[in-house]
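# Descriptive analysis of the structure
So the chains spell out like this:
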Amino acid sequence: MKKSTTLNLKINPEVKENAEKILSQLSISMSCAVTMFLNQVILIESILFPIALPQPPSRVNLDTMSHDELITKLEKSHNDFLNGKNKTISLEEFIKQRKDN
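Rules and cut-offs
- Residues numbered from 1 in each chain as written.
- Predicted model: local features only at pLDDT ≥ 70, side-chain atom pairs only at ≥ 80, totals over all residues.
- Heavy atoms only, no water.
- Helix = DSSP H or I, 4+ residues; strand = E, 2+ residues; numbered from the N terminus.
- Buried < 20%, exposed > 50% of the residue type's maximum accessible area, 1.4 Å probe, protein only.
- Areas by Shrake-Rupley, 256 points an atom, 1.4 Å probe, with all protein chains shown as cover.
- Expected span 1.5 Å × (residues − 1).
- Polar contact = N/O pair within 3.5 Å; in protein donor to acceptor, adjacent residues only side chain to side chain.
- 1 Å grid on protein atoms, 1.4 Å probe; cavity = no way out; pocket = protein on both sides within 12 Å on 5 of 7 lines; lining within 4 Å.
- Points joined across faces, edges and corners; volume = space filled by probe spheres on them.
- Nonpolar A, V, L, I, M, F, W, Y, C, P; charged D, E, K, R; others polar.
- Salt bridge = Lys/Arg side-chain N within 4 Å of Asp/Glu carboxyl O.

## Let's talk about the overall build of the protein chain
Helix and strand counts for the protein chain stand at 4 helices and 0 strands. Reading the secondary structure of the protein chain in the N-to-C direction produces α-α-α-α. Taking all 101 residues of the protein chain together, the buried fraction comes to 3%. Carbon and sulfur atoms make up 58% of the accessible area of the protein chain, which totals about 9,900 Å².

Here it is as structure tokens:
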């Protein structure tokens, strides 16, 4: 199929670089990868992966958790915070949320 249209995209340079490294290992150009993606969208009339809002974490019930389970949850939460995955809220907001639930 002859290519005659240009698609200009603005993406995070790090995302582009990381994708190019993987695509290079697969011997696929970025152009080919985008074309493959768009053809699949046309074929299945949808996006290839689920798109959904992140689910809230499960509640922590100290009455049913072992010490090791609690430590594991705290470590995961701390790591998520360090990696920017958690929303920072004030103590007042936290207390209000706890009272509302």
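Still more ground to cover, so stick around.
## Examining helix H3 (residues 67-82)
Taking 1.5 Å per residue, 16 residues should reach 22 Å; H3 reaches 23 Å between its end C-alpha atoms and fits that length. Once H3 finishes, Gly 84 follows within two positions and takes phi at roughly 75°, a positive value.

## Details of helix H1 (residues 13-25)
At 3.6 residues per turn, the α-helix brings residues three or four places apart onto the same side. Between its first and last C-alpha atoms H1 spans 19 Å; for 13 residues at 1.5 Å apiece the expected length is 18 Å, and the two agree. At the N-terminal boundary of H1, the capping side chain belongs to Asn 12, with an oxygen 2.7 Å from the backbone nitrogen of Glu 14. Positive phi shows up at Ser 27, right after H1, with a value of about 60°.

## A closer look at the layout of surface pockets
Here the second largest pocket is characterised by a volume of approximately 640 Å³. Lining the second largest pocket are 20 residues, with Leu 7, Ser 31, Val 34, Thr 35 and Leu 38 positioned closest to its centre. With 8 residues, the top contributor of residues to the lining of the second largest pocket is helix H2 (residues 30-44). In terms of residue class, the lining of the second largest pocket is made up of 11 nonpolar, 6 polar and 3 charged.

## What to know about the pattern of salt bridges
The tally for this structure, following the rule as stated, stands at 3 salt bridges. Taking the shortest distance from any N to any O, the salt bridge between Lys 16 and Glu 20 comes out at 2.8 Å. In this pair, Lys 16 and Glu 20 are both assigned in helix H1, 4 residues apart and thus about one turn of the helix distant. Relative accessible area serves as the criterion here: at 37%, Lys 16 is assigned to the partly exposed category. Glu 20 sits in the partly exposed class, given a relative accessible area of 34%. As a salt-bridge pair, Lys 76 and Asp 80 come within 2.7 Å of each other at their nearest N and O atoms.

## Notes on unusual backbone geometry
Even without being glycine, Ser 27 reaches a positive phi, approximately 60°. Considering the arrangement of structural elements, one finds Ser 27 in the loop between H1 and H2. Despite not being glycine, Glu 45 has its phi angle at roughly 55°, a positive value. On the secondary structure map, Glu 45 appears in the loop between H2 and H3.

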